[in-house]
Amino acid sequence: MTEISFHFNIPQRVPYVCRLLRKATAKGAQLLVTGPREELEAIDRMLWQLSPVDFVGHAWIEASSDGDEGEGAEHAAMAVARERARVWLSESVCASDRHRVLVNLHASIAEGFEQFERLIEIVSLDASDRNDARQRWRYYGQRGYQIIRHDVQVTGG
């Protein structure tokens, strides 16, 4: 059964997620991050700004991507990047044998979360975001999932 964690009281989700990804990949984790495109693009930009020592290999992937579209060197390079990336960014959940951790930034339940060993829900200080998180918490709880709550104390954004 999927282990579910909620990280609450995040002042700024993008910097927090980038730190989380850096720490998790340093420990060998491979993650799929799903959320709204705008937020994923901000994460992508911030990950590229990390120092070479802290860099997190990541790639965009579409849920319907099966590696058969397109041809040529550019397509081959993208396929290699996706295969080697420790972190995938996608607007929706996609099947992955390698990625065992899902980070959900959507306001709703991430469809297909059950295929992952771990699900991390990131919840900001925003009242609307907190309300959406309560709905997700209730959904998981009603289905018998054990939920771990992390009240995060983030300093400096």
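Reading the values: rules and limits
Residues numbered from 1 in each chain as written. Predicted model: local features only at pLDDT ≥ 70, side-chain atom pairs only at ≥ 80, totals over all residues. Heavy atoms only, no water. 1 Å grid on protein atoms, 1.4 Å probe; cavity = no way out; pocket = protein on both sides within 12 Å on 5 of 7 lines; lining within 4 Å. Points joined across faces, edges and corners; volume = space filled by probe spheres on them. Helix = DSSP H or I, 4+ residues; strand = E, 2+ residues; numbered from the N terminus. Nonpolar A, V, L, I, M, F, W, Y, C, P; charged D, E, K, R; others polar. Pairing = 2+ DSSP bridges. Axes fitted to C-alpha atoms, helices over the stretch in contact; angles between N-to-C directions. Contact = heavy atoms within 4.5 Å. Buried < 20%, exposed > 50% of the residue type's maximum accessible area, 1.4 Å probe, protein only.

**As for the layout of surface pockets**
The space that makes up the second largest pocket amounts to roughly 170 Å³. For the second largest pocket, the full set of lining residues is L20, K23, A24, K27, A29, L31, V101, R118 and I120. Of all the secondary-structure elements, those providing two or more residues to the lining of the second largest pocket are helix 1 (13–26) and strand 6 (118–124). The element contributing the most residues to the lining of the second largest pocket is helix 1, with 3 residues. Along the lines of polarity and charge, the residues of the lining of the second largest pocket split into 6 nonpolar, no polar and 3 charged.

**A closer look at the sheet that holds strand 3 (residues 58–60)**
If you trace the 7 strands from one edge of the open sheet to the other, you get 3-4-2-5-6-1-7, paired in parallel fashion. Edge strands, defined here as strands with exactly one partner in the open sheet, are strand 3 and strand 7 (147–151). Ignoring which end each strand starts from, the neighbouring axes of this sheet average 20° apart. Pairing between strand 1 (residues 3–10) and strand 7: 5 bridges, direction parallel. When the bridges of strand 7 are listed, F6 appears paired with R149. Along the sheet, helix 1 makes contact with strand 1, strand 2 (31–34), strand 4 (87–90), strand 5 (101–104) and strand 6, crossing strand 6 at roughly 155°. Contacts between helix 2 (residues 37–48) and the sheet are confined to strand 2, strand 3 and strand 4, with strand 3 contributing the most and set at about 150° to the helix.

**Some words on the environment of L32**
Considering the arrangement of structural elements, one finds L32 in strand 2. On the basis of relative accessible area, L32 is assigned to the buried category, the value being 0%. Sequence separation between L32 and L21 is 11 residues; the distance between their C-alpha atoms is 9.8 Å. The residues touching L32, leaving out its near neighbours within four places in the chain, are W88, S90, V93, C94, H99, V101, L102, V103 and F116.

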